[in-house]
Amino acid sequence: MAHSQVTEAEHAEHNPALRHHFADEQQQKNAASLGMWLFLVTEIMFFGGMFCAYLVYRLAHFNAFAAASQQLDIRMGAINTAVLLVSSVTVVLAVKAAESGNRKQLVSYLVVTVLLGLTFLGIKAIEYKEKFEKHHVPGATFQFNEPFDDNGKQIPVNPNEAQLFFSLYFAMTGMHALHMIIGCGLFSVLAVLAWKGHYSPGYFTPIENAGLYWHLVDIIWIYLFPLLYLISRHS
Amino acid sequence: MSGQVDALYIYLLLVAGVMTTLIFLAVAILAIKYRRKPGVEAHQIEGSTILEITWSIIPFGVMLTFFIWGAVIYFQERTPPADATEVYVVAKQWMWKVEHMEGQREINELHVPTGQNVKLIMTSQDVIHSFFVPAFRIKQDVLPGRYTTLWFKATKPGVYHLFCAEYCGTMHSGMGGSIVVMEPQEYAQWMAGSASPPLQETGQQLFSSLGCSTCHRSDVQGRGPNLAGIYNKPVLLEDGRTVIADENYVRESILNPTAKIVSGFKPVMPTFQGIVSEEQLNALVAYVKSLSQPPGTAGLQGQPSAPPAETQKMQVQ
Amino acid sequence: MASEAIAANQAPTNYLTNGYGLKSWLLTTDHKRIAILYLISITIFFFLGGFFAMLIRLELLTPQGDLMQADTYNKVFTMHGMIMVFFFLIPVVPAVLGNFLVPIMIGAKDLAFPRINLLSWYLYAIAGVLFLHCMLVGGVDTGWTFYTPFSTVGSNTNVIEAGLAVFIAGFSSIFTGLNFIVTVHRMRAPGLTWDRLPLFIWANYATSLIMVLGTPVVAITIVLVAVERLFHLGIFDPKLGGDPLLFQHLFWFYSHPAVYIMILPSMGVVSELITCFSRKRVFGYKFIALSSVAIAVLGFLVWAHHMFVAGISLYAAMIFSFLTFFIGVPSAIKVFNWTATLYRGSISYATPMLYAFGFIGLFTIGGLTGLFLATLGIDVHVTDTYFVVAHFHYVMVGGVLMGFLGGMHFWWPKISGRMYPEGWAKLSALLVFVGFNLTFFPQFILGYVGMPRRYWQYPPEFQVLNVLSTAGSSVLAVGYLLPMIYFLWSLRYGPIAEANPWNAAGLEWKTASPPPTFNFDETPVVTWEAYNYDEIPPKEMEVPVGS
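Residues numbered from 1 in each chain as written. Chains lettered and ligands numbered in written order. Predicted model: local features only at pLDDT ≥ 70, side-chain atom pairs only at ≥ 80, totals over all residues.

Q: How should the overall build of chain B be read in this particular structure?
A: Looking only at helices and strands, chain B features 8 helices and 12 strands. Overall, the C-alpha framework of chain B stretches about 100 × 50 × 45 Å when taken along its three principal axes. The proportion of buried residues among the 317 residues of chain B is 35%. Across chain B, contacts joining residues at least 24 apart in sequence account for 64% of those joining residues at least 6 apart. (Helix = DSSP H or I, 4+ residues; strand = E, 2+ residues; numbered from the N terminus. Buried ≥ 20, exposed ≤ 12 C-beta atoms within 10 Å, placed from the backbone. Contact = placed C-beta atoms within 7 Å.)

Set out below in structure tokens:
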């Protein structure tokens, strides 16, 4: 239906990726870019609600939150942070490869990004399993007896408040993981399309915009990690 | 206070009425005067910045008067007088449970004398409710997990509707009651018919039966802070914060002791969450508050003859 | 099909005749067809919500709860609220009129992301089906505001399913807003600068800002409520360390700006109607345009005025009350500017104009009563009573719905290629205005004398006002049913409309009625200001062909 009003001659002249309601490719690229930035703003507002809840409760229940936070595995969190930072680099390199028309490099970097993303998710799964074993998963099986280690002083805390920390921990990291899964799926699809030759220096907008999405998910983790893992780690 | 609310309401009605009439008239007159006539064209006018500024600033100025008057009334409504009689209210689905300091209990009714400031200290056992007395023009949501307060001074004897004004489930609309306002002599008679002990005595019994007095001693320094004289005074906590020991603080310290540990004490107090009911909590809070009253006036709080000067001194911060 | 009847009369292809069959509609990316899809689904929900309203008013005829059980009544008012807020008021003007008109008004072939536009409609439809299912399996009884802890712990109805439906509908809203913003920024025709845009575009643009920024917050709030309910967590439950007031803050952070999502587009419609039917450029174009944006921004700063008696601090309440008064100013500016536009105009009383007049009157009353609620001392008395119910119905129904109906009548010839019957339309407008006031004005009084909201039964002294209100609602119902009937009638029997039956300014009137799929044969180049009625000669007749 979209093609019905465009003549054959006109059709032959433009990039097949150009959609017909746009005047030219530049307009399409600008529109896609602005659209993705707006979408990222909505994601920030979405996570923002949870960050707000976290902020309020951390101020109200500092000791319990610190005690619960100390039970998280800081090494795994740090490794995951490094993994994500590297994956953002590979995304940038993928965009560069697309820009210079290097199909093999583009596909490689996309695949590496997906692998790094899966690594992140794998480590997260290990962390979640550990939480489950220590009975730190909120709900019927939740138990919390660990005190807040304040520079050697052991302060017992209210288990309900610790459960609140873990509720927010799972909600926030879970939502983040969901976004990572979507990102991995997205990049997998893009890798296949790239291998088939869909992208060229003249058209690689989807790579750029997916890259923006990935960077945002990365930035959200950069905020999550210190807020969740690094409260009160003096030693 | 309700007179003030009505006066403000009438003022707003007048202003709104004038504005509405002006706009309706303006639209009607203009629509008729400039109705389409053959051969007569419309006259284009871009706008007028002066007019825009005028009709922004003047209405805003008028609105500020609404704000100021409303805020003054609200400030008074949210600041209970120091000499107010206290009554504890516990809301639950779907009834109001009232407990006077003297021990008198009521369900869905609240008896008060005329001419006396009454302060309600309210909490909910389950979901959010709202204590609404239209005749007094007051309302306050009643929350689970904390106290909220409401105060009034009834002036005319009578029976007035009490409604729940925050949707709370099946019988939200059936959670009504009455505020029964009586002349002081009748009220005293009614109060005398009470069989239960005064609230702070109930609290004192609980304080000892639950073991509180083991650590919170008044003779020597026990494992817990001495609670005499602490009500409404600032308290220095372990983490460096200072809080005021109001009803909510006392209540929280019973249910969640490790939340705000007093400076110099260890976190050894067990929680009483699930062990005490809302009514028992009210009694304990009332008892702790009574430890801050000057000797000889304990139990007389709420009587019109309570010496205000001494009570003021206790509450100086 | 109706489109076949039209095709027989109009030789060139238009968007309605360009492809027949269900697939061509359900897989369309044409913004105009998507607007029609929305029109059909939103109308269905409107009448469903209206049906629940009728049940409420019937129950409230008598003080006792005698028509249905208390639990049923609680579900009925919850459904009425949820449907009307999430499935009618928020999407109606942007998704129907906005989708149809925004690209045409700016000289574009379509929105920036046509496939995302279709996705928006599917999300709405899926959310709608989910919500219908939720109703069929027992509904939900938390009130549309689903306050905790009642919604997380106290209610034993289908809270999660209803929440999921609202969540999905929210994403429909977000994508529509995103689409509009990018379209207005990137796809304006050559020469169409920001200060030449129709005010309907400015209104939808401001609305889209709110949709994009605010809706995600209610989305995450719903997620937290669902998670708390499913896993018995304590995010909002005080018994487990949570805070029910946190829910209220998060909820109202979206739900207050949401009411500006509802009203701004209708205000945009009114600007179009007033200018066309007084044949004048609008008075104070810049002020109206900037007021729309100001309302959108200020709308995010005032949410806790819904919480003055909820237990927030005295000083927080004062700050929010103060800020709330600021929003009154841009809204008042608009009303004054519209009124001033009438001055020395050449005014016609066609039905769209009647709705515009109705909007001005009813929005004035609704907006002024908002000031009552912003005033702390008064709010303590009237919050959670029928005063609030009356206030928001004045602005939602007297405002949003009147604006929508005015817009539907105005653009009906463009959308369908037919004219509606003017006589019946004027009658409906009158019935709506009278019925509306009779339904909702008594509720202001009911609220002040103390009748709380969401009451299945009430003390007998409130009966007279309730009976008046119910009587009014029966008139209102007729006023809404008539347009359904005559719009449908007009599809087959209405007179064929020309490209510009109102002789109106605006790019949408420069293309055929109905427009071709790609809107314009050639991209227009704009060299004129908005509402250039000084350059457009009026028609001889007061009302267009076919009255």
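On we go from here.
Q: Whenever I open this one, the interface of chain C and chain B confuses me. Can you help?
A: How big an interface is tends to be reported as the loss of accessible area on association of its parts. The partner chain B presents 68 residues to the 72 residues of chain C that form the contact. Mapped onto the side of chain C that touches chain B, the elements with two or more residues apiece are α4 (70-89), α7 (150-154), α10 (244-278), α11 (285-298), α12 (314-342), α13 (351-374) and α14 (376-382) of chain C. Counted by class, the side of chain C that touches chain B contains 40 nonpolar, 21 polar and 11 charged residues. (Nonpolar A, V, L, I, M, F, W, Y, C, P; charged D, E, K, R; others polar.)

Q: Can you walk me through the interface of chain B and chain A in this structure?
A: Contacts between the two partners involve 4 residues from chain B, matched on the other side by 5 residues from chain A. Partitioned by chemical class, the residues of the side of chain B that touches chain A number 2 nonpolar, 2 polar and no charged.

Q: Help me out: how do you make sense of the sheet that holds strand β5 (residues 117-124) of chain B in this one?
A: Adjacent strands of a sheet form backbone hydrogen bonds with each other and so pair up, either parallel or antiparallel. Residues and elements named next belong to chain B. The sheet built from 5 strands is open, its strands ordered β3-β2-β1-β5-β8 with mixed pairing. Each end of this open sheet is capped by a strand with a single partner; those strands are β3 (105-107) and β8 (148-153). Each strand axis lies, on average, 25 degrees off the axis of its neighbour in the sheet, ignoring direction. The pairing of strand β1 (residues 85-92) with strand β2 (residues 95-100) spans 6 bridges and is antiparallel. The residue bridging Ala91 from the neighbouring strand is Trp96, located in β2. Of the strands in this sheet, β1, β2 and β5 are in contact with helix α7 (residues 278-290), which crosses β1 at around 160 degrees. (Pairing = 2+ DSSP bridges. Axes fitted to C-alpha atoms, helices over the stretch in contact; angles between N-to-C directions.)

Q: In this structure, what is going on with the environment of Met82 of chain C? I would like to understand it.
A: Residue and element names in this part refer to chain C. For Met82, the location among the structural elements is in helix α4. Spatially, the C-alpha atoms of Met82 and Gly138 are 15 Å apart, while their sequence positions differ by 56 residues. For Met82, the contacting residues outside a window of four places in its chain are Trp144, Ala162 and Val166.

Q: Any chance you could explain unusual backbone geometry here in plain terms?
A: Keep in mind that most residues, glycine aside, have a negative phi and that most peptide bonds are trans. Looking along the chain, the bond that leaves Thr148 of chain C and enters Pro149 of chain C is cis, with omega of -5 degrees. Position of Pro149 of chain C relative to the elements: it lies in the loop between α6 (114-136) and α7. Between Ser513 of chain C and the following residue, Pro514 of chain C, the backbone shows a cis peptide bond with an omega angle of -5 degrees. Its location among the elements puts Pro514 of chain C in the segment after α17 (463-493). Positive phi outside glycine occurs at Arg137 of chain B, with the angle close to 60 degrees. With respect to the secondary-structure elements, Arg137 of chain B resides in the loop between β6 (129-133) and β7 (138-142). C-beta crowding within 10 Å serves as the criterion here: with 25 such atoms nearby, Arg137 of chain B is assigned to the buried category. One non-glycine residue, Arg279 of chain C, lies in the positive phi region at around 55 degrees. Within the fold, Arg279 of chain C resides in the loop between α10 and α11.

Q: What exactly am I supposed to notice about the sheet that holds strand β9 (residues 158-164) of chain B here?
A: All names here are of chain B. One open sheet holds the 5 strands; their spatial order is β4-β10-β9-β6-β7, and the pairing between them is mixed. Of all the strands in the sheet, just β4 (109-113) and β7 have a single pairing partner and so form its edges. When strand polarity is set aside, the average angle formed by the axes of neighbouring strands in this sheet is 20 degrees. Here β6 pairs with β7 via 5 bridges, running antiparallel. Across the sheet, His129 pairs through a bridge with Val142, a residue of β7.

Q: Help me understand helix α5 (residues 92-105) of chain C, please; the structure alone is not making it clear to me.
A: Given 3.6 residues to a turn, an α-helix orients residues that are three or four positions apart in the same direction. Residue and element names in this part refer to chain C. Here α5 spans 18 Å end to end across 14 residues, near enough to the 20 Å set by a 1.5 Å rise per residue. Its axis deflected by about 55 degrees at Gly98, α5 carries its strongest bend there. Counting buried positions along α5 yields 14 of 14 residues, so the element is predominantly enclosed. (Expected span 1.5 Å × (residues − 1). Bend = angle between axes of the 7 residues up to and from the residue.)

Q: Would you take a moment to explain the packing of α5 of chain C against helix α8 (residues 159-186) of chain C for this structure?
A: Helices that pack against each other are described as a pair by the angle of their axes relative to one another and the distance between those axes. All names here are of chain C. Their axes nearest at 11 Å, the elements α5 and α8 cross at an angle of 20 degrees. Considered as vectors, α5 and α8 are oriented roughly parallel to each other. Taken as a pair, α5 and α8 cross one another with a handedness that is left-handed. Contacts between α5 and α8 involve Pro94, Ala95, Gly98, Val102 and Pro103 on the former and, on the latter, Thr176, Phe180 and Thr183. Tallied by class, residues from the contact of α5 with α8 come to 5 nonpolar, 3 polar and no charged. (Parallel < 35°, antiparallel > 145°, perpendicular 65-115°, else oblique. Left-handed = near helix turned anticlockwise from the far one by under 90°.)

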